[in-house]
Amino acid sequence: MQQFKEVLALFLGFGGWILAYVSLENHYWKESTQDGSVILTSGVYENLWMSCATDSMGVYDCQNFPSLFVLPGYIQASRALMIASIVFGTFGLVATLVGMQCSKVLGENYVLKGRIAVIGGVFFLLQGLCTMIAVSWYAANITRQFFDQLYAGTKYEIGQGLYIGWSSALLALCAGSCLLRACKQNSSDKKSAYPYQTASSGHVLSTVATSQSAPGNYGRCAYV
């Protein structure tokens, strides 16, 4: 059962890691809204790295953002969080592969494997949190500008890149929770076995002590 949970956590973490990279590379984090437009001649869509424009003929032109320092703070923070998410996911995958009970790495040192697996679960949770914060923060700014009646700039809607990011965050959080749950159950099973061993050993020692003390008492009585 524990190995099944570890394999499940590995697949969930790998899926979340792949989707995080896909979300980061996706061009459609936000798309210009078509609400109130009678004739659609062009569209604008952006992600964390560039802004693209397309016309009705399907011709598009993309330009990278000129400077990091002129970008809004939430875009800079989302960039850093998404990159950190991919890094955390990489560490989580490596730690999970090493810490799995069926892994040949570290031999039969299951205690050390369990600790490494816990670290992998923490990395998956950090990946999910970073991705969730990045995409949710970005989406919150889109909705705030969309419903702001005084905002005079181009209004956007949530793009498919954010939905991919949310899916990635959920998979990573499920992977971390599943892995920590498996390690916790394994440690509790080991702890429940210790009192039985201690009690049996104590019973053996008490039996031996009784058997050794019996002849001594008999000898004293014999002398009396």
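Please read these numbers as outputs of a predicted model, since none were measured by experiment.

Another aspect to go through is the UniProt feature "transmembrane region" (unreviewed entry) in the protein. Mapped onto this numbering, the UniProt entry annotates "transmembrane region" (unreviewed entry) at residues 7-24, 74-95, 116-140 and 160-182. Between the first and last C-alpha atoms of residues 7-24 the distance is 26 Å; the span itself is 100% helix and 0% strand. For the annotated span residues 74-95, helix accounts for 100% and strand for 0% of the residues, and the straight-line distance between the end C-alpha atoms is 31 Å.

Right, let's talk about the sheet that holds strand β2 (residues 42-46) for a bit. Taken in spatial order, the five strands make up an open sheet running β4-β3-β2-β1-β5, and their pairing is antiparallel. What marks the edges here is a single partner per strand, and that holds for β4 (60-64) and β5 (156-158). For this sheet, the mean inter-axis angle between neighbouring strands, taken without regard to orientation, is 20°. Along the sheet face, helix α3 (residues 110-146) touches β1 (30-32), β2 and β5 and points at about 140° away from the line of β5.

One pass over the structure, following the stated rule, counts one disulfide. In this structure C174 is a free cysteine whose sulfur lies 8.6 Å from that of C178, the closest cysteine sulfur available. Residue class for C174 comes out partly exposed when judged on its relative accessible area of 44%.

The contact between helix α2 (residues 73-99) and α3 brings their axes to 7 Å, and the two run at 160°. By the criterion of interaxial angle, the relationship of α2 to α3 is roughly antiparallel. The chirality of how α2 crosses α3 is left-handed. Residues that form the contact of α2 with α3 fall into these classes: 21 nonpolar, 11 polar and one charged.

What the rule picks out here adds up to eight aromatic pairs. Taking the centre distance of 6.1 Å and the plane angle of 25° together, the rings of F88 and F123 count as stacked. With F88 in helix α2 and F123 in helix α3, the pair connects residues that are 35 residues apart, well separated along the chain. Geometrically, the ring pair formed by Y163 and W166 is edge-to-face, given 5.7 Å between the ring centres and 65° between the ring planes. Of this pair, Y163 and W166 are both found in helix α4 (residues 160-223), three residues apart, which corresponds to roughly one turn of the helix.

Quick look at the pairing of strand β3 (residues 50-55) now. Relative to β3, β2 runs antiparallel, the two being bridged by five bridges. When the bridges of β3 are listed, Y45 appears paired with C52. Here β2 folds back onto β3 in antiparallel fashion, the turn holding three residues.

Here we come to a nonpolar patch on the surface. On the surface, a nonpolar cluster with roughly 480 Å² of combined accessible area is contributed by V118, V122, L126, L129, I133 and W137. Tracing the backbone through its elements, the reader meets L129 in helix α3. Overall, L129 belongs to the partly exposed group, its relative accessible area being 45%.

Let us now look at the pattern of salt bridges. A side chain with one charge can pair with a side chain of the opposite charge if their charged atoms come near. Summed over the entire model, instances satisfying the criterion amount to one salt bridge. Note that K30 is salt-bridged to E46, the shortest N-O span being 3.5 Å. Pair noted here: K30 is in strand β1 and E46 is in strand β2, with a separation of 16 residues, a long-range link. Accessibility classification places K30 together with E46 in one group, the buried group.

Membership of the largest hydrophobic core comes to 19 residues, with the highest contact counts inside it found for W29, L48, I75, M82, Y138 and L162. Elements that contribute at least two residues to this core include exactly α1 (2-25), α2 and α3. It is α3 that contributes the most residues to this core, six residues altogether. Look past the residues within four positions of L162 in its chain and what remains in contact with it is Y28, W29, V135, Y138, A139 and I142.

Calculation criteria
Residues numbered from 1 in each chain as written. Predicted model: local features only at pLDDT ≥ 70, side-chain atom pairs only at ≥ 80, totals over all residues. Heavy atoms only, no water. UniProt positions renumbered as here; feature names shortened; annotations may be inferred. Helix = DSSP H or I, 4+ residues; strand = E, 2+ residues; numbered from the N terminus. Pairing = 2+ DSSP bridges. Axes fitted to C-alpha atoms, helices over the stretch in contact; angles between N-to-C directions. Contact = heavy atoms within 4.5 Å. Disulfide = S-S within 2.5 Å. Buried < 20%, exposed > 50% of the residue type's maximum accessible area, 1.4 Å probe, protein only. Parallel < 35°, antiparallel > 145°, perpendicular 65-115°, else oblique. Left-handed = near helix turned anticlockwise from the far one by under 90°. Nonpolar A, V, L, I, M, F, W, Y, C, P; charged D, E, K, R; others polar. Phe/Tyr/Trp six-rings, centres within 6.5 Å; stacked < 30°, edge-to-face > 60°. Patch = residues over 30% accessible without salt bridge, like charges linked within 9 Å, V, L, I, M, F, W, Y side chains within 5 Å. Areas by Shrake-Rupley, 256 points an atom, 1.4 Å probe, with all protein chains shown as cover. Salt bridge = Lys/Arg side-chain N within 4 Å of Asp/Glu carboxyl O. Core = buried A, V, L, I, M, F, W, Y, C linked by side-chain atoms within 4.5 Å.

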